[in-house]
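Chain by chain, the residues run as shown.
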Amino acid sequence: MDTPRGAKRLHDSPLSLVQDAQDNPCPVLLVDADGTLLEANAGSWLVQHQWGVNPGDQLPEPWLSKALDALNSGETQEATLSSGMVSTALLFLPLPASRQISVIGIDITSRKQIEEKIELNARVFESALEGILIMDPDMRVIDVNPAYSEITGYAPGDVLGETATFHADMDETREFMASLSQSLLAKGSWQGELWSQRPDGSRYAQWLSITEVRSDDGNLSQYIAVLTDVTRQKEAEEQLFRMAHYDQLTGLSNRRLFDDRLAQAMSSADRSGECIGLMLIDLDGFKLVNDHLGHRSGDEMLRIVARRIEACVRESDTVARMGGDEFLLLLRHLDQLDSADLIAEQILARIAEPVTLEDQEFFLTASIGISDYRRGQSSEKLLRLLDSAMYAAKANGKNGYQRVSESLVEHLGERLTRQAKLRRAIEDGEIVNRYQGIVDLNSGRLTGLEVLARWDSPSEGLLGPGYFIDIAEESGLIRPLGEHVLRSACAQGAAWRRQGIAFGRLSVNVSAQQLRDTQFVQRVQNILKETGYPADGLDLELSEAVWIEGREDVIGHLHRLRELGITVSIDDFGTKYASLSYLKHLPVDRLKIDKSFVDDVAADPVTSAIVGSIMTMADAIGLAVVAEGVERREQLDQLAKHGCRFIQGYYFCRPETASVVPALAARDTMLVDPEGITPL
């Protein structure tokens, strides 16, 4: 440490040392050869306070040793005294002539703060988790911290003195450096995301911030870059993106991503006039495979079909899975829509190729709807048209395709109009119930009533379910419609019971959509409570589609309904794919043989044998059987021979208004010729 000005004078004039320094803000003290404080100036109060001495007291350690060492060695000794935020450098100067020591203090608080700041910066630089580079104005690397090497894989010796490239991917380096230079020139900083490469070839994502450092005179002195490894974050983001935009089973785009790409394609077509084709593909017979082999094999079948469809289109096209066994295609930049026809034919041929699962060979077919985008169409309308075209293709026969046509557009418009009218009809009470009797051949009396919904339209008269049930299911109106039918039927049934009319059970049809409603059981309970109709007087009829789906939530609903006392029936049995071996594990009380079997039961020995088998197997597992659609005596006779006890159809009565039911219930027998029927 440099000797302060005035030190020579202190050596020569020790007696006047303190008097001369009284006005000096720096501490000045005089100590004798024994380390006793002789005198001190006003500025030394802090030192005295820290040491705890006054003139006449001996200095404490370690200051005593410092003073004696200075006197004995003849050399100046140094020490530092800190008090709170203040730091003082102490010089112990020997005065050999007088055998005394002068102690002079110099305020070094600012210097200590600078040193501490430099030391802190050095510790931060060394211990920071982010990689830090310091570069000169020409972007040559001056220094790097340990985290930089850990993140990038490059040792300091690999980069010091080299121009920084941040190891950007080869195809990104030129574009990145141009953007970096432009930003630094304009703003003095740059930040962004960059994919880089380590010496071992592995890639990583970094978030990079670069800032210029200027000296007090405004000249550029350095650049400082801070980089953070965000690879895991990027991988997590990509995983979340895939989960949100791709089908987890097949890896295809999902509906969300398809909608985004369709919107982009429509916008591009509006500008350029390009031809865009769309396809909706629905697999035929997939449920058979799924039910026969189980969901795991069914999933594998869907993956195989997805790969086959992808093989028929270009990389610029989008193949999406809509869920279940439906797929959507977006075809960009077509020469004309005829090209879509060729692609559809290829897809149909590929899907029809055999698939081997669990050592068994299966064959699938598909039905495809095709449409093109026309300026001004909405995506919702496009998909509705596609859906109509696909169902038209399915109606025309399996393994075919159908383009959207003017007639289909007109048909869709009619259905939308009918949908709007149906919504108003439900609200206005135009949906009415008719009741068709179910007869017990043993007693000849009414044993139940099936509730049949009709639309009493002011403009078109009484309309059957074929006119509106499909529309209700497509539009979601089936739930309010079904609830309305159930409530009005239970209210009527409760009124009949109060009048003492014995009509048996009420059978009400319930759709699969209603059963999927998590609140369905509660809604039924509410209706029963509201109308006062007993649960054991209600039978719910379900289509075979409910059983084929095999959804656990739906099956759970049915178990809860049966616990309430409600019985469950399968309607139109035999028209789909359900089997008695499958049904024996499900909550069902009876099944209804479809009219298509009843029509031929008397004339066709094969049909008669099938009905007989159904009766035998149903009896073996404790299921009651109702034959519906009986219109002729010979049908009744044949069914009676097979042991079918419960009959429904025009032979006994047509669907009637509520006013007719009391008379039917009062009849001793519903049989036209009771003597001709042998009780079972």
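Bear in mind the structure is a predicted one, so any value in this text is a computation, not a measurement. (Residues numbered from 1 in each chain as written. Predicted model: local features only at pLDDT ≥ 70, side-chain atom pairs only at ≥ 80, totals over all residues. Heavy atoms only, no water.)

Peer 1: Could you clarify how one ought to interpret the environment of glycine 161 in this entry?
Peer 2: Tracing the chain through its elements places glycine 161 in the loop between helix 7 (156-159) and helix 8 (170-187). Measuring from C-alpha to C-alpha, the distance between glycine 161 and methionine 135 comes to 8.9 Å, with 26 residues separating the pair along the chain. Leave out the neighbours within four places in its chain, and glycine 161 touches Arg140 and Val141. (Helix = DSSP H or I, 4+ residues; strand = E, 2+ residues; numbered from the N terminus. Contact = heavy atoms within 4.5 Å.)

Peer 1: In this structure, what is going on with the packing of aromatic side chains? I would like to understand it.
Peer 2: What characterises a pair of aromatic rings is the spacing of the ring centres plus the angle enclosed by the ring planes. Tallied over the full model, the rule gives 6 aromatic pairs. These aromatic residues form a ring-pair network of at least three members: Tyr435, Trp496 and Phe503. Directly above the ring of tyrosine 246 sits arginine 242, whose terminal nitrogen or CZ lies 4.0 Å from the centroid. Of note, arginine 654 hangs over the ring of tyrosine 650, and the distance from its end group to the ring centre comes to 4.0 Å. (Phe/Tyr/Trp six-rings, centres within 6.5 Å; stacked < 30°, edge-to-face > 60°. Lys NZ or Arg CZ within 6 Å of the ring centre and 35° of its normal.)

Peer 1: I keep staring at the side chain of serine 196 and nothing clicks. Help me out?
Peer 2: Checked against the element boundaries, serine 196 lands in strand 8 (residues 189-197). Overall, serine 196 belongs to the buried group, its relative accessible area being 0%. Among the polar contacts made by the side chain of serine 196, one reaches the side chain of glutamine 206 at a distance of 2.7 Å. (Buried < 20%, exposed > 50% of the residue type's maximum accessible area, 1.4 Å probe, protein only. Polar contact = N/O pair within 3.5 Å; in protein donor to acceptor, adjacent residues only side chain to side chain.)

Peer 1: Would you mind showing me how to read the pairing of strand 1 (residues 28-32) here?
Peer 2: Two faces belong to every sheet, and in a regular strand the side chains alternate between them. Of all the 5 residues making up strand 1, 5 are buried; the element is thus mostly covered by neighbouring parts of the structure. Burial of the side chains of strand 1 extends over both faces: Val28, Leu30 and Asp32 are buried on one face and Leu29 and Val31 on the other. In terms of strand pairing, strand 1 meets strand 5 (residues 100-107) through 5 bridges, oriented antiparallel. For aspartate 32, the partnering residue across the bridge sits in strand 5 and is glutamine 100. Remark: 4 residues form the turn of the hairpin made by strand 1 and strand 2 (residues 37-40), two consecutive strands paired antiparallel; glycine 35 in that turn has positive phi of roughly 85°. (Pairing = 2+ DSSP bridges.)

Peer 1: Teacher, can you tell me more about helix 9 (residues 231-245) here?
Peer 2: Owing to its 3.6 residues per turn, the α-helix brings residues three or four apart onto one side. Between its first and last C-alpha atoms helix 9 spans 21 Å; for 15 residues at 1.5 Å apiece the expected length is 21 Å, and the two agree. Buried within helix 9 we find Thr231, Lys234 and His245. Looking straight down helix 9, one finds its buried side chains confined to an arc of 70°; they lie on one side. Turned more than 90 degrees away from the buried face of helix 9 sit Arg232, Gln239 and Leu240, all of them exposed. (Expected span 1.5 Å × (residues − 1). Arc of directions from axis to C-beta.)

Peer 1: What should I look at first to understand the pairing of strand 24 (residues 590-593) in this one?
Peer 2: Residues Arg590 and Lys592 line one face of strand 24 and the alternating positions Leu591 and Ile593 line the opposite face, and both faces are buried. Two elements, strand 23 (residues 567-573) and strand 24, share 3 bridges in a ladder whose sense is parallel. Its bridge partner being in strand 24, phenylalanine 573 is matched across the sheet by isoleucine 593. Both strand 24 and strand 25 (residues 624-627) contribute to a ladder of 4 bridges, which runs parallel. Paired with arginine 590 across the strands is alanine 624, a residue of strand 25.

Peer 1: How should I be thinking about helix 19 (residues 520-531) in this particular structure?
Peer 2: Spanning 12 residues, helix 19 covers 17 Å between terminal C-alpha atoms, matching the ideal 16 Å at 1.5 Å per step. Within the span of helix 19, buried status applies to Phe520, Val521, Val524, Ile527, Leu528 and Thr531. Buried residues along helix 19 cover an arc of 125° about the axis, so they all sit on one side. Summarising the geometry of helix 19, the exposed residues directed more than 90 degrees from the buried face are Lys529 and Glu530. Tucked into the core, helix 19 has its buried residues touching helix 17 (478-498), strand 21 (505-510), helix 18 (512-516), strand 22 (538-542) and helix 21 (552-564). Following helix 19 by one or two positions, glycine 532 has its phi on the positive side, about 75°.

Peer 1: Looking at this structure, I do not really get the sheet that holds strand 10 (residues 220-229). What am I missing?
Peer 2: Sheet strands pair via backbone hydrogen bonds, and the direction of the pair is either parallel or antiparallel. Read across the open sheet, the 5 strands follow the order 7-6-10-9-8; overall the sheet is antiparallel. The open sheet has two edge strands, strand 7 (141-144) and strand 8, and neither has a second partner. Between one strand and the next, the sheet's axes are offset by a mean angle of 25°, whatever the strand orientation. (Axes fitted to C-alpha atoms, helices over the stretch in contact; angles between N-to-C directions.)

Peer 1: Help me understand the sheet that holds strand 1 in this model?
Peer 2: Spatially, 5 strands are ordered 2-1-5-4-3 in an open sheet, and the strand pairing comes out antiparallel. Each of the sheet's edge strands pairs with one partner strand only, and the pair in question is strand 2 and strand 3 (77-83). On average, adjacent strands in this sheet sit at an angle of 25° to one another, irrespective of strand direction. Pairing of strand 1 with strand 2, which is carried by 3 bridges, proceeds in the antiparallel orientation. Across the sheet, residue leucine 29 finds its bridge partner in strand 2, namely alanine 40. Running at roughly 160° to strand 3, helix 4 (residues 63-73) makes contact with strand 3, strand 4 (86-95) and strand 5 of the sheet.

Peer 1: Can you walk me through unusual backbone geometry in this structure?
Peer 2: Most peptide bonds take the trans configuration, and most residues that are not glycine carry a negative phi. Here the amide bond leading from glutamate 61 into proline 62 is cis, since omega sits at 0°, within 30 degrees of zero. Considering the arrangement of structural elements, one finds proline 62 in the loop between helix 3 (45-51) and helix 4. For glutamate 358, which is not a glycine, the phi torsion comes out positive at approximately 50°.

Peer 1: So what exactly am I meant to see when it comes to the pattern of salt bridges here?
Peer 2: Oppositely charged side chains can pair when the atoms bearing their charge come close. This model, assessed by the stated rule, comprises 30 salt bridges. Ionic pairing is found between arginine 645 and aspartate 440, a salt bridge with its closest N-O pair at 2.8 Å. Of the two residues, arginine 645 is situated in the loop between helix 25 (633-641) and strand 26 (646-648) and aspartate 440 in strand 18 (residues 431-440); the sequence distance between them amounts to 205 residues. Looking at arginine 645, the relative accessible area reads 34%, which means it is partly exposed. Among the salt bridges present, the one from arginine 487 reaches glutamate 530, with a minimum N-O distance of 3.1 Å. Pair noted here: arginine 487 is in helix 17 and glutamate 530 is in helix 19, with a separation of 43 residues, a long-range link. Of the residues examined, arginine 487 reaches a relative accessible area of 28% and is grouped as partly exposed. Bridged by salt links that share partners, the residues Glu450, Glu541, Lys592 and Glu628 form one connected network. (Salt bridge = Lys/Arg side-chain N within 4 Å of Asp/Glu carboxyl O.)

Peer 1: Please clarify how the side chain of glutamate 430 should be interpreted in this entry.
Peer 2: Following the sequence through the fold, glutamate 430 ends up in the loop between helix 15 (406-428) and strand 18. Summary of buried charges: glutamate 430 has no salt-bridge partner, and the nearest side chain of opposite charge, arginine 424, is 7.2 Å away. For glutamate 430, the residues in contact, after removing those within four places along its chain, are Ala425, Arg454, Trp455, Asp456, Ser457 and Pro458. (Lys, Arg positive; Asp, Glu negative; His and termini not counted.)

These figures come from the coordinates and say nothing about function on their own.
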